[in-house]
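Letter by letter, the chains look like this.
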Amino acid sequence: MPPSPEPVRIAIDLGASSTRLGDACRPVPQKVLPATALSYHHGAQQAGSTLEPEAFEDILAEVSNLAGDFQSPRPALLISTPNAASASLRQDLAELALEKGVGSVALLPSAVAATIASGRSDSLVVDLGAGLTSVASVVRCELRKASLQEHPYAGNALDEQVLHALQHQVAWTCRVTGAHGGRDDDTTRKRQKLGGRLPFSALRLAQDLKETVCFCAHVPLASLPPDEPYRHTLPDGQVIEVTSFSRQVPETLLLGAPSLDAAAADPTPPFPGLPALVSEALVGHEPSTSTSEVLLVGGSSRFVNFRDRLQAALTASGITKVNVLPQRYASWLGLSVAASLGKPVVRYHTKAELEEFGKLRFTA
Ligand SMILES: Nc1ncnc2c1ncn2[C@@H]1O[C@H](COP(=O)(O)OP(=O)(O)OP(=O)(O)O)[C@@H](O)[C@H]1O
């Protein structure tokens, strides 16, 4: 009998801003889907959040496209997600994938994937994404849970800071509800000052501004004199002044920020700043490993001067070097490498296990 063919291995990197997926043999994702399973709001990444199976349908449809179909040989999935906050989310996706006909599933915390992408087996990973900032120690390709620090202050929160800074400068074009409370109506578009519910276009504009005009000052902002006003023209021709927020917004990653929803019934805690998170993580970090270096990943770490400022801020914690990976999607690359390494880095779970225990039992 001829040996059964190897299953196609598909890597899925579930992020808050997008889902990256593709054939795990390739070093870059074949598809980048806009965020679906993890919503824009960081609230969806709180521990214990669950999602309806429909939230994963477009992801599984893409897996089916990439693998040909779910029949023989059934694809093997390798899923990377933020480290702890969305544990129930990755469990849901893994179990649903097995029920839909995927052959086997493995999970890799994103800190482990980033470590593997850097060519190491140990590191202290600082990941600044869209929904989550996390610091985690990885030893011999395993996440040290005692070290894990996560906070929902990341790229999305910075977008909200930019919006807040713009609220007295910009009139937004947005859809308003029709006169009879019906659904949004193109004919009732009006210009209105920012307030109440934010139009998605406003958040998108804030994100673009953050990525293009915001940067870190080369030394702490408090030690610098006020800068000259700088004007920027928005796509609709409005002119705004950006100096009031362009350096302040990324600075909050280092200095910390108050709770964004302090008035809510269940507000998120204030963000203590990255140096404080790293100090906390170092308490659970094994001293035998590379304690003097940090691996910095995630889209929100890409501000000009940010790496150097972080390195300077971490010297008090004994960190002498902050390394960055040049790849845009470092954890996807790590998944791809892990897929080729196989065991012991990756442990695949099957439907038989799901049927026997009623739930998959992941260690990470
Ligand atoms: N050049 C840039 N400067 C600042 N921020 C950027 C830049 N490029 C991307 N970002 C921000 O990075 C974030 C996306 O990063 P990333 O892809 O690492 O997140 P994710 O993996 O989807 O999210 P999470 O890790 O929270 O699940 C977005 O908030 C985006 O605006």
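Nothing here was measured: the structure is a model prediction, and the numbers come from that model.

## Regarding the site of the ligand
Next, step 1: Close to the ligand lie 21 residues, the nearest being G15, S17, G129, G155 and G299.
Next, step 2: Only α4 (155–166) and α5 (200–213) provide two or more residues apiece to the shell around the ligand.
Next, step 3: Looking at which element gives the most residues to the shell around the ligand, the answer is α5, with 3 residues.
Next, step 4: Taken together, the residues that form the shell around the ligand break down as 6 nonpolar, 11 polar and 4 charged.

## Quick word on the packing of α4 against α5
Next, step 1: Contact geometry for α4 and α5: axes closest at 8 Å, N-to-C directions at 100°. It follows that α4 is roughly perpendicular to α5 by the angle criterion. On α5, the residues that touch L158, D159, V162, L163 and L166 of α4 are A202, L203, A206, Q207, L209 and K210.
Next, step 2: Each residue belonging to the contact of α4 with α5 can be placed in one class, and the counts come to 8 nonpolar, 1 polar and 2 charged.

## Examining the domain arrangement of the protein
Next, step 1: Domain annotation for the protein reports domain 1 (9–110 + 329–357), domain 2 (133–153 + 271–324) and domain 3 (155–255).
Next, step 2: With 14 residues of domain 2 at the contact, the number on the domain 3 side is 12 residues.
Next, step 3: Looking at the side of domain 2 that touches domain 3, the elements with two or more residues in it are α8 (274–283) and α9 (306–314).
Next, step 4: With 5 residues, the top contributor of residues to the side of domain 2 that touches domain 3 is α9.
Next, step 5: In terms of residue class, the side of domain 2 that touches domain 3 is made up of 8 nonpolar, 4 polar and 2 charged.

## Thoughts on the environment of S104
Next, step 1: Here S104 is to be found in strand β5 (residues 104–109).
Next, step 2: Taking the C-alpha atoms as reference points, S104 and P7, 97 residues apart in sequence, are found 9.2 Å from one another.
Next, step 3: Excluding residues that lie within four positions of it along the chain, S104 makes contacts with A76, Y348, H349 and T350.

## Quick look at the packing of helix α3 (residues 110–117) against helix α10 (residues 330–341)
Next, step 1: One way to put it is that α3 packs onto α10 with a least axis distance of 7 Å and a crossing angle of 75°. Here α3 lies roughly perpendicular to α10, going by the angle between them. Contact with α3, carried on its side by S110, A113, A114, T115, I116 and A117, involves A330, S331, L333, G334, L335, V337 and A338 of α10 and no other residues of that element.
Next, step 2: Its residues placed into classes, the contact of α3 with α10 shows 9 nonpolar, 4 polar and no charged.

## Describing α5
Along an α-helix, residues three or four apart share an orientation, since each turn contains 3.6 residues.
Next, step 1: Between its first and last C-alpha, α5 extends 20 Å over 14 residues, near the 20 Å set by a 1.5 Å rise per residue.
Next, step 2: All buried positions along α5 are accounted for by A202, L205, A206, L209 and K210. Here the buried residues of α5 occupy an arc of 140° about the axis, which is enough to place them on one side. Of the exposed residues in α5, the ones pointing more than 90 degrees away from its buried face are F200, S201, R204 and T212.

Calculation notes
Position numbers for residues count from 1 along each chain, tracking the sequence in the order it is written. The predicted origin of the model limits local features to residues at a pLDDT of at least 70 and limits the giving and counting of side-chain atom pairs to 80 or more, whereas totals for whole chains, interfaces and linings rest on all residues. Nearness rests on one distance test: the residue's C-beta atom, set from the backbone, must lie within 6 Å of the molecule or strand. Secondary structure elements follow DSSP: runs of H or I no shorter than four residues count as helices, runs of E no shorter than two count as strands, and numbering proceeds from the N terminus. All residues other than Ala, Val, Leu, Ile, Met, Phe, Trp, Tyr, Cys, Pro, Asp, Glu, Lys and Arg, Gly among them, are scored as polar; the first ten of these are nonpolar and the last four charged. Axis definition: a line fitted to C-alpha atoms, limited for helices to the stretch in contact. Angles are taken between N-to-C directions and run from 0 to 180 degrees. Angular relationships are summarised with four words: roughly parallel below 35 degrees, roughly antiparallel beyond 145, roughly perpendicular across 65 to 115, and oblique for the angles in between. In this description, any two residues whose backbone-derived C-beta atoms lie within 7 Å of each other are considered to be in contact. The domain limits used here are those given by an automatic or database domain assignment. Here the expected length of a helix is defined as 1.5 Å per residue gap, with one fewer gap than residues. Our exposure labels follow a C-beta count within 10 Å of each residue's own C-beta, placed from the backbone: buried means 20 or more other C-beta atoms, exposed means 12 or fewer, and partly exposed covers the counts in between. Taken from the helix axis, the directions to the C-beta atoms give the arc we talk about.

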